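# Structure at a glance
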Amino acid sequence: MGRFLFHGRKLISRAFSTLNGNPLHVCVVGSGPAGFYTAEKMLKAHEGAEVDIIDRLPTPFGLVRSGVAPDHPETKIVVNQFSRVAAHDRCAFFGNVSFGTNVSLSDLRKTYDVVVLAYGAESDRSLSVPGEELKGIHSAREFVWWYNGHPDYCEMAPDLKSTDTAVVLGQGNVALDVARILLRPTTELETTDIADYALQSLRESNIRKVYLVGRRGPVQAACTAKELREILGTRNLRVHIQEADLATSPADEEELKNNRIQRRVYELFSKAANTIQEYDDNDQRNLHCVFFRKPDKFLPSELGYSVSGVRLEKTHLKENGVSRKQVAVGTGDFEDLKCGLVLKSIGYKSVPVDGLPFDKRKGIVPNERGRVLSSDETENATREQGLYVAGWLKRGPTGIIATNLYCAEETVSTILEDVRNGLLTSVSGSHKAGRQGLLQILQDKNVQFVPFSGWERIDAKERMLGELKNKPREKITTWNELLSVAEG
Ligand code: NAP
């Protein structure tokens, strides 16, 4: 058996260069931050690990490419580190391979000693209020994928022309991102990697008012201070906050005392409410921060198919007996807010594939430090051999990119613990085919995968197109063009 040494946070395998002379075949599903950090830690920690990363898109990097706002280029620098991981001689990238369609969970478990699911949260929580299907209502994720040039949403074309008012539901950092993109002068977006069609649409946008609606108060807003400061400081933006919403209860004071982030966020809202802002009357934009309101229903336009407003129920806060958190409770008092665009920013949701245990309530795969469990009922749960999770699928859709580093580290240390304890099949003699097996499956199913060199061709072309417009890159946004450029 191998001996493992912990050096600070580093886990190093000395004797496990291979599993009984064979490589440890590892497949990571999803090439976002959780997937790449897992691959990186796995390659470092285990000399015999051969790591394949599959992704349904022809492009790698998940949320860093499709989720991070275009005006946050510093957050995207991490792709340089991920590219070095992909270039490692024991690592391979397989883009354009859809997990659940082209390859099943059972295919991967038969082929690899270790399968780590890190495919994140590609769907949205639902509000479940009447009228949610009306035209003009989108999830923030869809809107983000649209302006970031995700090939599934390049034709979404949200209507930014027929209305001057948008309502963003939720007050987390994603809500702030979408509100900022709607309100920021487009001259400041021209030199970002925003999709060309989105920039054009924002230039023609008539939206001048954005309501950022939270069901709780300014003390509980889910955003962080840096992101809030950024939007409040947007050029030519007038911020509206009702003085009365800033009043705090003893329970609020307790929360503020115990949480530095909440304190800073609350201070920023208070400061903005009391600051007279300078703005240019010509193209003034307005941000209304609305608190203590929860959506009750969406109102249809006269013709009945598009949204014309949101009915909000006023709320007050009440301590929940179990979590001891202050939760929003409806007061039975309603008001209507007119608008022509709604972006629901109430959180992302992970979607299970066939055969994967899933805790529907929490929206995660039941796991113990990344090791997948057969059920979310702890008493009856057994370990799913060789199956692990990392990232949002493991802990829910929260945290910044760096959170995934610690999350991946934990999953990798669990995997190594299982290797050491002889819990993976290869130890008991049956050798898995690993990469060769995957190649065979893809060939049998006639799947044209995109290797990392294919992505490098896309990357080079995007950079070249971007250079002509003084942008870091001009994203290629259709499936056809991505695949044809990748092929060379
Ligand atoms: P989030 O931080 O969880 O915020 C969700 C928001 O939706 C909260 O305001 C929540 O209010 C509200 N909400 C949830 N269910 C609701 C309902 N039924 N009705 C009304 N409101 C509801 O999620 P997120 O904004 O999608 O962000 C996801 C993660 O990515 C976060 O950890 C975020 O910090 C991170 N992120 C970071 C950055 C950055 O660092 N720049 C950028 C984007 C995202 P309650 O608080 O009352 O539940």
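No experiment lies behind these values; they were computed from the predicted model shown.

### Some remarks on the pattern of salt bridges
Here the structure, examined in full by the defined rule, presents 39 salt bridges. With a closest N to O distance of 3.0 Å, Glu-188 and Arg-235 form a salt bridge. A residue pair is termed long-range when its members are at least 10 positions apart, and Glu-188 in the loop between helix 6 (173-183) and helix 7 (196-203) and Arg-235 in the loop between helix 8 (225-232) and strand 11 (237-241) qualify at 47 residues. Residue Arg-463 pairs with Asp-459 through a salt bridge whose shortest N-O separation is 3.2 Å. Residue Arg-463 and its partner Asp-459 are located together in helix 14 (residues 452-467), separated by four residues, close to a single helical turn. Given the relative accessible area of 14%, Asp-459 is considered buried.

### Section: the domain arrangement of the protein chain
For the protein chain, the assigned domains are domain 1 (2-122 + 350-487) and domain 2 (123-348). Its C-alpha centre places domain 1 at a distance of 33 Å from the equivalent point of domain 2. With 30 residues of domain 1 in contact, the opposing surface of domain 2 contributes 28 residues. Buried surface at the junction of domain 1 and domain 2, summed over both partners, amounts to about 2400 Å²; 51% is from carbon and sulfur atoms.

### With respect to the site of the ligand
The environment of the ligand is formed by 20 residues, the closest being Gln-171, Asn-173, Arg-215, Arg-216 and Gly-399. Interatomic distance of 3.1 Å between a backbone N/O atom of Val-174 and an oxygen atom of the ligand. Between the ligand and the protein, one listed contact pairs an oxygen atom with a backbone N or O atom of Gly-399 at 2.6 Å. Contact with the protein chains removes 79% of the 930 Å² of surface that the ligand exposes when unbound. In terms of residue count, helix 6 provides more of the shell around the ligand than any other element does, three residues in total.

### A closer look at the sheet that holds strand 11
The parallel open sheet is built from six strands, whose spatial order is 8-16-9-10-12-11. The open sheet has two free edges, formed respectively by strand 8 (137-139) and strand 11, since each of these has just one partner strand. Adjacent strand axes in the sheet meet at a mean angle of 20 degrees, parallel and antiparallel pairs treated alike. Pairing analysis gives five bridges linking strand 10 (residues 209-213) to strand 12 (residues 285-290), with the strands arranged parallel. Each residue of the ladder has a partner; that of Lys-209, found in strand 12, is Asn-286.

### Overview of the confidence of the model for the protein chain
Summarising the model, the protein chain shows a mean pLDDT of 93, and 94% of its residues fall at 70 or more. Counting interchain partners and residues more than four positions distant, the pLDDT-below-50 stretch residues 1-15 has 33 contacts.

### Overview of the environment of Leu-343
Take Leu-343: it is sitting in strand 16 (residues 341-344). C-alpha of Leu-343 to C-alpha of Val-178: the two residues are 165 residues apart in sequence and 8.1 Å apart in space. Leu-343 has contacts with His-138, Phe-143, Val-167, Val-168, Leu-169, Val-178 and Leu-182, leaving out every residue within four places of it along the chain.

About the cut-offs
All residue numbers refer to position in the chain's written sequence, counted from 1. Restriction of local features to residues with pLDDT of at least 70 applies here, the model being predicted, together with a cutoff of 80 or more for giving and counting side-chain atom pairs; totals for whole chains, interfaces and linings are based on all residues. Water and hydrogen atoms play no part in the side-chain values, which are based on all heavy atoms of the structure. A pairing counts as a salt bridge when a side-chain nitrogen of Lys or Arg comes within 4 Å of a carboxyl oxygen of Asp or Glu. By the criteria applied, helices consist of DSSP H or I runs no shorter than four residues and strands consist of E runs no shorter than two, each listed in order from the N terminus. Note on classification: 1.4 Å probe, protein chains only; a residue is buried when its accessible area is under 20% of the maximum for its type, exposed when over 50%, partly exposed between these limits. Throughout, the edges of the domains are those of an automatic or database domain assignment. In this description, contact between two residues means that some pair of their heavy atoms is separated by no more than 4.5 Å. Summed over both partners, the accessible area (1.4 Å probe) lost when two parts come together is defined as the buried area. We call a residue near a given molecule or strand whenever any one of its heavy atoms falls within 4 Å of it. We call two N or O atoms a polar contact when they sit within 3.5 Å, provided that within protein one can donate a hydrogen and the other can accept it, with sequence-adjacent residues counted only if both atoms are side-chain atoms. Each accessible area is a Shrake-Rupley result for a 1.4 Å probe, and residues are judged covered by the shown protein chains and nothing else. At least two DSSP bridges between two strands are needed for those strands to be called paired. With axes taken as lines fitted to C-alpha atoms, and helix axes fitted only over the stretch in contact, angles between N-to-C directions fall between 0 and 180 degrees. The quantity known as pLDDT measures the predictor's confidence residue by residue, on a range of 0 to 100.

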